[in-house]
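Coordinate inspection notes
What follows is each chain in one-letter form.
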Amino acid sequence: MSLDVTGKSGTIGIIGGGQLARMLAMAAARLNFRTIVLEPQADCPAAQVCNRQIVAAYDDEKALAELANVCDVVTYEFENVPVVAAQTLAASVPVYPPAEALSASQDRLTEKRFLNDCGIPTADFAQVDDQASLEAALSDFAGKGVLKTRRMGYDGKGQRVFKGGEDLAGAFNALGGVPLILESFVPFEREISIIAARFRDGTVTCYDPAENVHLSGILHTSTVPAQLSDAARTVAVESAEKLLAALDYIGVVGIEFFVLPDGSLVANEMAPRVHNTGHWTEAACVVSQFEQHIRAVAGLAPGSTQRHSDCVMTNLIGDDISAVPHWLAKNDCLVHLYGKTEARAGRKMGHVTQLTNPGKPSLSRQNTP
């Protein structure tokens, strides 16, 4: 059953209270839905715009029961939601995307195997459970590769790069002695991503792929359109369709790819949620990825993914927040800040989307004394 957009009913629960939940709540409000956020941090970004916050841990049984009782559907803003929490909620209220999407994405080894099972190529990889298996895997990869924690790593955290010839003593324990995965180097020319959404009737919509640049493991810019052949663009769309169908997925997903010199694509990772590389859609499309996700989980019709402008989205990281006056002075930029009071190194404070073909100039003018 679809949620009612007339105001008579329709409450969406969101697990997580960061900037993605904030933007989802804003999109939901535009469609006349109420939002209730489950987040342990009382002053989270989403708390400033949602209708209510339940301040509790993501796996708090009492809080989950309350969320299920007051919501018509539940979604989440990040992929490290405890799977058991999603499963518990799903017993009494629809949860989209499904818990299976969390299971597939939370462990990098499981994720790589899942992508391959869907017919989506990835970098070569090896399971690393101890120092001996690390040394064996590096030997197979000619001493080179990227060692990553299988769980909880993001924005370049929990990783170590091997370029060949390093002293391997203690290398396994240096990342915490937790299960790891070694991925081979991929000789890519650029990185791209595609934002796709699947609806309850099986309809899949895709936004134009974005070309992404990362600095210190954190997304810096997303540029649309990406430098990509029509054939590669088709592969990206078809890969999204395969993945979403395999999971019986509802909602928005982000999939990152490496583009090889021959134009072929190798998947890097998937994120079962709205994605940083899709933030540009709020400025360059009539329907953003956030509204598309709300439409999907609420059972509404898909919105158009057509792009009306080229653009560059730039993340504001840490002290980049001080450049906001510069961006605000431009007439072709959409500035979106996340309501965070403390700027820290590596912390996402907001983003700016600059339209590169903004059309006609504004008719407004500034009166001067």
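Residues numbered from 1 in each chain as written. Predicted model: local features only at pLDDT ≥ 70, side-chain atom pairs only at ≥ 80, totals over all residues. Heavy atoms only, no water.

Going by the annotation in an unreviewed UniProt entry, the name recorded for the protein is N5-carboxyaminoimidazole ribonucleotide synthase, with Rhizobium skierniewicense given as the source organism. The annotation that UniProt attaches to the protein under Pathway (unreviewed entry) is "Purine metabolism; IMP biosynthesis via de novo pathway; 5-amino-1-(5-phospho-D-ribosyl)imidazole-4-carboxylate from 5-amino-1-(5-phospho-D-ribosyl)imidazole (N5-CAIR route): step 1/2." Under the UniProt heading Subunit (unreviewed entry), the entry covering the protein gives this text: "Homodimer." (UniProt positions renumbered as here; feature names shortened; annotations may be inferred.)

Turning our attention to the confidence of the model for the protein. Confidence in the prediction for the protein averages 92 pLDDT; 93% of positions are at 70 or higher. Ignoring residues within four places in sequence, the model shows residues 364-369, a span with pLDDT below 50, making 0 contacts including any to other chains. (pLDDT = per-residue confidence, 0-100. Contact = heavy atoms within 4.5 Å.)

Using the criterion set out here, one finds 1 cavity of 30 Å³ or more in the structure. Looking at the largest cavity, its volume works out to about 30 Å³. Along the walls of the largest cavity sit Glu191, Ile192, Asn212, His214, Glu256, Phe257, Phe258 and Asn268, which together make up its complete lining. Tallying contributions element by element places strand β13 (residues 251-259) first for the lining of the largest cavity, with 3 residues. Across the lining of the largest cavity, the residue classes break down as 3 nonpolar, 3 polar and 2 charged. (1 Å grid on protein atoms, 1.4 Å probe; cavity = no way out; pocket = protein on both sides within 12 Å on 5 of 7 lines; lining within 4 Å. Points joined across faces, edges and corners; volume = space filled by probe spheres on them. Helix = DSSP H or I, 4+ residues; strand = E, 2+ residues; numbered from the N terminus. Nonpolar A, V, L, I, M, F, W, Y, C, P; charged D, E, K, R; others polar.)

So, about the side chain of Thr314. Take Thr314: it is sitting in strand β15 (residues 311-317). Discounting chain neighbours no more than four positions away, the residues touching Thr314 are His220, Thr221, Trp327, His351 and Val352.

Because an α-helix packs 3.6 residues into every turn, residues spaced three or four apart end up facing the same way. In a regular helix each residue adds 1.5 Å, so 17 residues correspond to 24 Å; helix α7 (residues 230-246) covers 24 Å between its end C-alpha atoms and thus fits that length. Taken together, the buried positions of α7 are Ala232, Ala236, Ser239, Ala240, Leu243 and Leu244. Buried residues of α7, viewed axially, fall in a sector of 125 degrees; they line one side. Turned more than 90 degrees away from the buried face of α7, the exposed residues are Asp230 and Ala231. On its buried face, α7 sits against α5 (108-117), β9 (190-198), β10 (204-206), β13 and β14 (265-271). (Expected span 1.5 Å × (residues − 1). Buried < 20%, exposed > 50% of the residue type's maximum accessible area, 1.4 Å probe, protein only. Arc of directions from axis to C-beta.)

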